[in-house]
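Examining the three-dimensional arrangement
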Amino acid sequence: MEAILETRKLSHIYSAGTPFQRTALQDVDFTAYTGEYLGVIGHTGSGKSTLIQHLNGLLKPTAGQVLYQGTDIWSDPKVTHQTRFHVGLVFQYPEYQLFEETVYKDISFGPRNMGLDEGEVDRRVRRAAEFVGLEDKLLDQSPFELSGGQKRRVAIAGVIAMEPSVLILDEPTAGLDPVGVEAILGNIRDYHAATNATVIMVSHSMEEVARSVDRLVVVNDGTIPFSGVPREVFRHGDELEAMGLGVPQITRVFLRLRALGADIDPSVYTVEQARAAILSALGRKGAV
Amino acid sequence: MALKDITLGQYFPGKTPIHRLDPRTKILLTLYYIVALFLADFLLTYALLFLALAAGIAISKVGVRNIMRGMKPVVLIVVITTLLNLFYTPGTPLVTIGFLKVTAEGIWAAFFMTVRILMLIAGTFLLTYTTSPILLTDGIESLLSPLKKLHAPVHELAMMMSIALRFIPTLIEETDKIMSAQKARGADFETGSLLQRARALVPLLVPLFISAFRRADELAVAMECRCYHGGEGRTRLRQLKYRRADWAVIVLGLVCCAAIGVMGRFGL
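Report on the accompanying structure. (Residues numbered from 1 in each chain as written. Chains lettered and ligands numbered in written order. Predicted model: local features only at pLDDT ≥ 70, side-chain atom pairs only at ≥ 80, totals over all residues. Heavy atoms only, no water.)

1. So, helix α10 (residues 202–225) of chain B
An α-helix turns once per 3.6 residues; consequently, residues spaced three or four apart project the same way. A rise of 1.5 Å per residue sets the reference length of α10(B), with its 24 residues, at 34 Å; its end C-alpha atoms lie 35 Å apart and thus fit the reference within 8%. Looking at the residues trailing α10(B), positive phi occurs at B:Cys227, about 60°. (Helix = DSSP H or I, 4+ residues; strand = E, 2+ residues; numbered from the N terminus. Expected span 1.5 Å × (residues − 1).)

2. Concerning the sheet that holds strand β1 (residues 3–14) of chain A
All names here are of chain A. Reading across the sheet, the 4 strands line up as β2-β1-β4-β5 and stay open at both edges, with antiparallel pairing between neighbours. Of all the strands in the sheet, just β2 (22–33) and β5 (71–72) have a single pairing partner and so form its edges. Relative to β2, β1 runs antiparallel, the two sharing 8 bridges. Residue pairing across strands places Thr-7 opposite Phe-30, the latter belonging to β2. Together, β1, β2 and β4 (63–68) form the strand contacts of helix α1 (residues 48–55), whose direction differs from that of β1 by roughly 125°. (Pairing = 2+ DSSP bridges. Contact = heavy atoms within 4.5 Å. Axes fitted to C-alpha atoms, helices over the stretch in contact; angles between N-to-C directions.)

3. A short note on the pattern of salt bridges
Residues and elements named next belong to chain A. Enumeration over the complete set of coordinates arrives at 23 salt bridges over all chains. Its salt-bridge partner being Arg-124, residue Glu-163 comes within 3.8 Å of it at the nearest N-O pair. Of this pair, Glu-163 sits in the loop between α6 (148–160) and β7 (166–170) while Arg-124 sits in helix α5 (residues 118–131), placing them 39 residues apart in sequence. Arg-124 sits in the buried class, given a relative accessible area of 11%. (Salt bridge = Lys/Arg side-chain N within 4 Å of Asp/Glu carboxyl O. Buried < 20%, exposed > 50% of the residue type's maximum accessible area, 1.4 Å probe, protein only.)

4. A short note on the interface of chain A and chain B
Residue-level contacts link 22 residues of chain A with 17 residues of chain B. Carbon and sulfur atoms supply 62% of the area that chain A and chain B bury against each other, a total of about 1,700 Å² over both sides. Taken as a group, A:Tyr96, A:Gln97 and A:Phe99 account for 31% of the area that chain A buries against chain B, more than any other trio of residues on that side. The tally of links from chain A across to chain B stands at 1 salt bridge. The residue A:Asp106 makes a salt bridge to B:Arg185 at a minimum N-O spacing of 3.1 Å. Put simply, chain A and chain B have 3 residue pairs in polar contact (both at pLDDT 80 or more) between them. At the level of elements, α2 (77–86), α4 (109–113) and α6 of chain A are the ones that each hand at least two residues to the side of chain A that touches chain B. Within the side of chain A that touches chain B, the residues separate by chemical class into 12 nonpolar, 8 polar and 2 charged. (Buried area = accessible area lost by both parts, 1.4 Å probe. Polar contact = N/O pair within 3.5 Å; in protein donor to acceptor, adjacent residues only side chain to side chain. Nonpolar A, V, L, I, M, F, W, Y, C, P; charged D, E, K, R; others polar.)

In short, the description is geometric, and any link to function would need to be established separately.
Laid out in structure tokens, this is it:
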């Protein structure tokens, strides 16, 4: 697989040289591959938000490099500015960034900053709105009249409309009700499937991430202790628990069953996998 | 530079004798000091006040560098005042550059005015650097409480002030966050003509105002939920109390201030 975004020995220190100095990232080597759906997981204050703000050049590394398609994004101010369009970042609670009179205008803010012509802007706005399930009639409304969940979709559409090759979402489901959570996760999956863009989803909820992603990166204390496919990462159940992350509930049940002496494969993280694992274990028993 | 690095009026926690003085004592002292600065008229009186200020800074352990850092935003005002005094004080001309005249009196006036402003700022910074915003507003409320007899809304004003102070860091953080979010959508706050830059602020200011109003609304509801109904009959968790050191400092400060006033009168 080809790497699209990489960090090399990335370190970041906040308020360096003052009494409030704090190291947020320490020699982090992070890689995202073209077209993958990547989950970044870590508890509050682990450094995950600092990490993703480096990926599109919002924060400048104290030490180390950030590479987009092999080019250092800080090599030239123009490259830095362009990186913001290639690597789209949706912040936590993005609805607080809405400012335009209509939904349409707000979504078009990003594409307009890219200097695209009117026709292209229009095409992108409508496509982005469709991806997040916003009906046409909403486009002429004020974003401030919408519900919380709808505002969030508008904000996400505002980034999708730039058609970035890498889409990063920081806790996109925070504060939504279960229906809203499912809808947003579905939108993101559809977007990933339809565009083949790299999607990076940041979360502190294992349950949520485990179901969608191809690969997981765990951030703890400004470093990346492990990464890999969910199955691999969840083998470190105890260490994850110590970091305050935990594993999905179903995995925890299976780890406990295993500890109680059941002959069962504990590396499951969805209910379907659990069902298959139980059936196969029962099958073996039946054969004996 | 991140917005968070602004130090203007920031509180530096500590346990020095100055930190432990009652906030009212410190406010009174600062007032004495300001009055004395304007009564002082000549080198000796300024030297005495400078000594007092230096002693205060030394005891508070705030550090000269922090005081200097806080002065940065007022440099422009100081420079303009100095220049105005230098060129527009009537008297015997020393040098004439075109229509500008520099007089001997002008040089004196400019020098004293600059010293006066810088010392004024340094002194008031000493107050805000060593007193937490909450204690500061408590102190102001308590000092102004006699005005309640005249139906002045002292408590309300103090409450507004503490809320404003409390939310400054929050708003700065919020500004930082919204700026980042708009930059991620390609907004450009740093380049372009003045008009372009002013227009670039719209995507920042609209969300900022909306969130400020939302916060204000939430705070009002939260306060009402806890039965806040203004200052009447309200008691405090932290009672302000003058200790012996406070009285000593208040009396001493008053005497010094009067002495400086008298010395200034005799042209010392």
